[in-house]
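Observations on the model geometry
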Amino acid sequence: MLCMTSLISKMFKCKLFIYFLMFYSSCVVGKHNILIIISDDLRPALGCYGDKNAYTPSVDALSQESFIFLNAFAQQALCAPSRNSLLTSRRPDTLHLYDFYSYWRDVAGNFTTLPQYFREHGYYTKSVGKVFHPGISSNWSDDQPYSWSSTPYHPPSQAYMNAPVCSREGQEGLHSNLVCPVTPDQQPGGSLPDLESLQEAKRFLQDWSVGEERGQNFLLAVGFHKPHVPLKYPRKYLSHHPLANVSLPPNNWPVLLPSVAWNPWTDVRMRDDIASLNIPFPFGRMPDEWSRLIRQSYYAAVSYVDDLIGKLIHELRTTNLYSNTIIVLLGDHGWSLGEHGEWSKFSNYELAVRVPLLLRVPGLTDRTAVMRSIQAPVELLDLFPTLVDVAGLPRLPRCPRPSHSVTTCTEGASLLPVIYTSLVKNETVTDIGKPAVSQYPRPGIYPTSHPNSDKPRLREVRYMGYSLRTAHYRYTEWPAWKGTPLWTQMAGTELYDHSIDPDENINLADREAFRDIRLALSAKLRALVGATVSLSKQD
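Residues numbered from 1 in each chain as written. Predicted model: local features only at pLDDT ≥ 70, side-chain atom pairs only at ≥ 80, totals over all residues. Heavy atoms only, no water.

1. A word on the packing of aromatic side chains
One pass over the full model with this rule turns up 20 aromatic pairs. Note on Tyr-124 and Phe-204: the rings are 6.1 Å apart at their centroids and 25 degrees apart in plane angle, and the pair reads as stacked. Of this pair, Tyr-124 sits in strand E4 (residues 124-129) while Phe-204 sits in helix H7 (residues 193-210), and the two are 80 residues apart along the sequence. For Tyr-124, a relative accessible area of 24% corresponds to the partly exposed category. Take Phe-204: its relative accessible area is 10%, and that puts it in the buried class. A centroid spacing of 5.7 Å and a plane angle of 85 degrees characterise the contact between Phe-283 and Tyr-446, whose relative ring orientation is edge-to-face. Residue Phe-283 is located in the loop between helix H9 (272-275) and helix H10 (288-318), and its partner Tyr-446 is located in the loop between strand E15 (436-442) and strand E16 (463-469); the two are separated by 163 residues in the primary sequence. For Phe-283, a relative accessible area of 29% gives the class partly exposed. Take Tyr-446: its relative accessible area is 47%, and that puts it in the partly exposed class. Among the aromatic residues, those joined into a ring-pair cluster are Tyr-103, Trp-104, Phe-132 and Trp-148. (Phe/Tyr/Trp six-rings, centres within 6.5 Å; stacked < 30°, edge-to-face > 60°. Helix = DSSP H or I, 4+ residues; strand = E, 2+ residues; numbered from the N terminus. Buried < 20%, exposed > 50% of the residue type's maximum accessible area, 1.4 Å probe, protein only.)

Structure below.
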């Protein structure tokens with residue numbers, strides 16, 4: 001009787017969800033534009049995520065009309081692989097791209113991208129700033145002519161990204177520093193890249209609002225470069241983050257951390273100001289004074305981007321486009337700010353792979369009684385199928401194995417059922433039964449500068465760290481790797497219990513009390529990785 005009751009309940013919920021989809025789709029098909037905002041290297045350093053160091057009034061205001069995914073994860077803590085994955089909804093192992101130096105259509109398959117799918121279904125698609133990673137990883141064209149309806153826009157002043165324009169009291173001349181507050185109109189080109197991208201996005205919205213494209217919707221993707229290094233931003237944003245108020249990071253070295261997992265933050269060390277400190281490689285500590293300065297500048301750069309986001313959303317309102325525009329805000333991966341003694345990205349730690357993810361859907365997420373926080377682990381590759389469902393377009397099929405001959409499919413899962421559960425139950429969703437999987441390559445067991453253990457080329461990869469994030473645990477294995485993982489040759493294992501150690505300071509993988517949990521998570525991880533390991537060409 002209990003089984004029959006349970007079955008009837010599940011059937012009822014299933015039918016209810018189908019009716020919800022039908023009702024929702026009938027309300028939104030053909031009516032909504034889409035604005036995707038990507039911030040480079042942005043961890044959840046936002047007030048709406050509970051970060052007390054943050055000053056982000058614009059994003060916090062947006063969050064009041066959005067679903068907030070509290071545990072969203074990138075597939076790899078590196079710009080190009082992360083963006084390729086989220087924009088194709090395929091895992092790095094399927095794309096076989098873990099660096100900056102290949103184009104997935106050449107090495108893996110002619111896979112449909114998110115903007116391409118919307119363009120094929122009648123949307124006008126526009127790219128502004130850093131959406132795809134520029135260069136060879138997007139065929140030097142931001143994936144044209146496939147993804148965009150017009151030539152993607154790149155801000156002219158981006159050419160001076162690493163130019164020696166940074167000054168500091170007590171230093172002579174100008175340098176290519178990590179910490180680099182500036183006066184924008186005194187910069188080469190008289191501006192900064194993100195300011196130029198904002199103006200281009202505003203021009204697009206203004207032109208669209210008075211244009212004749214009334215029978216067409218747009219998908220506008222705007223990629224802001226900050227807070228990516230160098231931490232170059234208008235000096236005025238430092239006023240929100242007085243140095244005296246900047247706290248030092250927890251000074252905890254992870255207990256029993258395998259050396260293969262360590263990120264020696266090579267991109268930070270190469271900057272002139274940090275190089276002058278002569279910090280021993282690879283495990284030397286950042287001086288406290290500089291820890292505060294870097295953290296101050298990171299948060300100031302986030303406040304800068306927050307202000308730009310606010311101005312972009314204001315333009316939506318001014319052009320009367322806000323009421324029918326779906327808005328997505330995300331980071332492409334996280335960034336460590338001295339926690340565990342690490343800086344930058346390049347790892348499988350929570351701080352490196354966890355990102356903000358906000359989704360605003362007019363008429364659905366702006367109801368004051370709606371519970372908008374979702375704690376369940378989700379993945380950035382879920383974004384593509386989610387937007388397809390939210391827009392009422394034909395649903396993406398799940399990718400078969402192998403999938404290299406299938407141009408259009410998803411290895412993620414639509415988050416619309418999670419949104420539905422949150423709406424119906426009006427409570428936060430903590431577990432949807434699907435873990436998040438991230439990964440990171442290494443050229444060896446011990447950190448090196450040559451080859452760069454933070455950014456190895458594909459031909460240099462000898463180990464691959466696969467990390468599984470469930471509602472309660474992060475579990476990581478570092479097998480040897482030859483295009484596929486060699487599970488019998490293990491360089492390290494990590495297990496962190498988020499219920500007692502949310503900062504991931506104590507590796508429990510060798511604790512006998514956690515043996516059964518470790519074995520269960522290992523089996524799940526290997527099954528998931530085994531189902532998605534790429535069969536594409538080897539480099």
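Having seen the model, we can carry on.
2. Looking at the state of the cysteines
In the structure shown here, the tally under the stated rule is two disulfides. Between the sulfur of Cys-166 and that of Cys-180 lies a disulfide, 2.2 Å long from S to S. Linking Cys-166 and Cys-180, the disulfide has an S-S dihedral of approximately -95 degrees and is accordingly described as left-handed. On the criterion of sequence distance, the pair formed by Cys-166 in the loop between E4 and strand E5 (179-182) and Cys-180 in strand E5 is long-range, its members being 14 residues apart. Residues Cys-166 and Cys-180 agree in their burial class; the two are buried. Note on cysteine connectivity: Cys-399 is disulfide-linked to Cys-409, with sulfurs 2.0 Å apart. Looking down the S-S bond of the Cys-399 and Cys-409 bridge, the torsion is 95 degrees, so its handedness is right-handed. Of the two residues, Cys-399 sits in the loop between helix H12 (383-390) and helix H13 (416-425) while Cys-409 sits in the loop between H12 and H13, which places them 10 residues apart along the sequence. With relative accessibility at 14%, the residue Cys-399 sits in the buried group. When the cysteines engaged in disulfides are numbered in sequence order, the protein pairs them as 1-2, 3-4. You can see Cys-79 has no disulfide; the closest cysteine sulfur is in Cys-180, sitting 18 Å from it. In this structure Cys-79 comes out as buried when scored by relative accessible area, which is 2%. (Disulfide = S-S within 2.5 Å.)

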